[in-house]
Amino acid sequence: MSAVKVLDNVKQMPAYIPGKSGSGENALKLSSNENPFDPLPEVVSAARRALEEVNRYPQMYADDLCQALGERYDLGTDSVVVGNGSVALLNHALTAVAGAGDLVVEPWRSFEAYPIVIGTTQAKIINVPLTESGAEHDLRGMLEAIQRGGERVKAVMLCSPNNPTGPALGEGAVREFLDQVPPEVVVILDEAYIEFVTSPEAVDGLKLLADYPNLVVSRTFSKAYQLAGLRVGWIAGVDPELIGAIRKVSTPFGVNVAAAAAAREALRHEAEVSRQVTSIVDERERVLATLRGNGWKIPDAQGNFYWIGGADLVSPVTSALAAAQITARPFPEGVRITVGLPADNDRVLAALTAL
């Protein structure tokens, strides 16, 4: 037995459980919220060209990509930090503001990486259960948690649309929430699925940054932009000290040359990306209408996935899907299913209709 002592906070952290892949010729993976379309040829070509320079380090902070994002979203280049996926950036943001003895408030159930990235800072987690529906943030409960925690609370996590349950936060509700959060508490709004949101009332965090210096918004190229395999995320805010701190603790050369080139090229092809997103959203709505018409209670879905809630449904739903060689993502509270291509979704509907 090794004499090495692992930190207690690391021992207590849950392990991240990735979506499983099935086996067999007809296996269908709908467990990881991946974009089902093939990557754009121009994006692949840009990544391949960049590989000719892999003997050289990439830009330290992927400055060209930061500039492209700043131009696309009318942000200053110094307001953007890019990194090795949005999870890494969430970790960097928390590392910059929280440490041992501090508190971080999170909604639960939400993205399963939150307890991990919070745990690495040695801060303690305050979990605030979702509302009675089991799908939406309890913003009032989160404010009460911040008040109870007092000066020890350094950050609060928000997820819109909430992964894995699906609903997006409303802009009015988020503004009201931010108005009551102490200005020294950092609010991290995770918008990994923002491109799939269709609700006109939903929040767009970037539009709130100018009014709330303690807000940072996290986004990713993994979902709508089809770059899950290259790991590119970004975070934006207007407080120069906060953004500077996030950049300072970020992994040096954290975005490799192929990933940076692919992300820049993807931004040049947003028309094609938008068409794919529209197709996925149309399929989402078709699937939801069919399931609800068959009696399934599905909460509002604003991402590229939907949620079948209920602990008693986890086993029968996952078993029915497995019998059809489909893997979804089970949680103790329910099952998350990614929206796939039309034929994929038809297989899911057939499997669930048989229940």
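Parameters at a glance
Residues numbered from 1 in each chain as written. Predicted model: local features only at pLDDT ≥ 70, side-chain atom pairs only at ≥ 80, totals over all residues. Heavy atoms only, no water. 1 Å grid on protein atoms, 1.4 Å probe; cavity = no way out; pocket = protein on both sides within 12 Å on 5 of 7 lines; lining within 4 Å. Points joined across faces, edges and corners; volume = space filled by probe spheres on them. Helix = DSSP H or I, 4+ residues; strand = E, 2+ residues; numbered from the N terminus. Nonpolar A, V, L, I, M, F, W, Y, C, P; charged D, E, K, R; others polar. Expected span 1.5 Å × (residues − 1). Buried < 20%, exposed > 50% of the residue type's maximum accessible area, 1.4 Å probe, protein only.

1. Quick look at empty space enclosed by the protein
Next, step 1: Evaluation of the coordinates by the stated rule reveals two cavities of 30 Å³ or more.
Next, step 2: If you add up the space inside the largest cavity, you get close to 70 Å³.
Next, step 3: If you go around the largest cavity, the residues you meet are Met60, Tyr61, Ala62, Val82, Gly83, Asn84, Ala88, His92, Ser250, Thr251, Gly254 and Val255.
Next, step 4: Listing elements by their share of the lining of the largest cavity, those giving two or more residues are β2 (80–83) and α4 (86–97).
Next, step 5: Classifying every residue of the lining of the largest cavity gives six nonpolar, six polar and no charged.
Next, step 6: When its volume is computed, the second largest cavity comes out at roughly 50 Å³.
Next, step 7: Contributing to the lining of the second largest cavity are Leu69, Tyr73, Glu195, Arg219, Thr220, Phe221, Tyr225, Trp234 and Leu267.
Next, step 8: Elements that contribute at least two residues to the lining of the second largest cavity include exactly α3 (63–73) and β7 (215–220).

2. Focus on α4
Next, step 1: The end-to-end C-alpha separation of α4 is 17 Å, in line with the 16 Å expected for 12 residues at 1.5 Å each.
Next, step 2: The set of residues buried in α4 consists of Ser86, Ala88, Leu89, Leu90, Asn91, His92, Ala93 and Leu94.

3. So, unusual backbone geometry
Next, step 1: A cis amide bond links Ser160 to the next residue, Pro161, at an omega of -5 degrees.
Next, step 2: Tracing the backbone shows Pro161 in the loop between β5 (153–159) and α7 (171–180).
Next, step 3: Omega for the peptide link from Asn163 to Pro164 comes to 25 degrees, which places this bond in the cis form.
Next, step 4: Note on placement: Pro164 falls in the loop between β5 and α7.
Next, step 5: The phi dihedral of Ala62 is positive, around 50 degrees, even though this residue is not glycine.
Next, step 6: A positive phi is found at Gln226, a non-glycine position, where the angle reads about 70 degrees.
Next, step 7: Among the residues examined, Gln226 registers a relative accessible area of 13% and is labelled buried.

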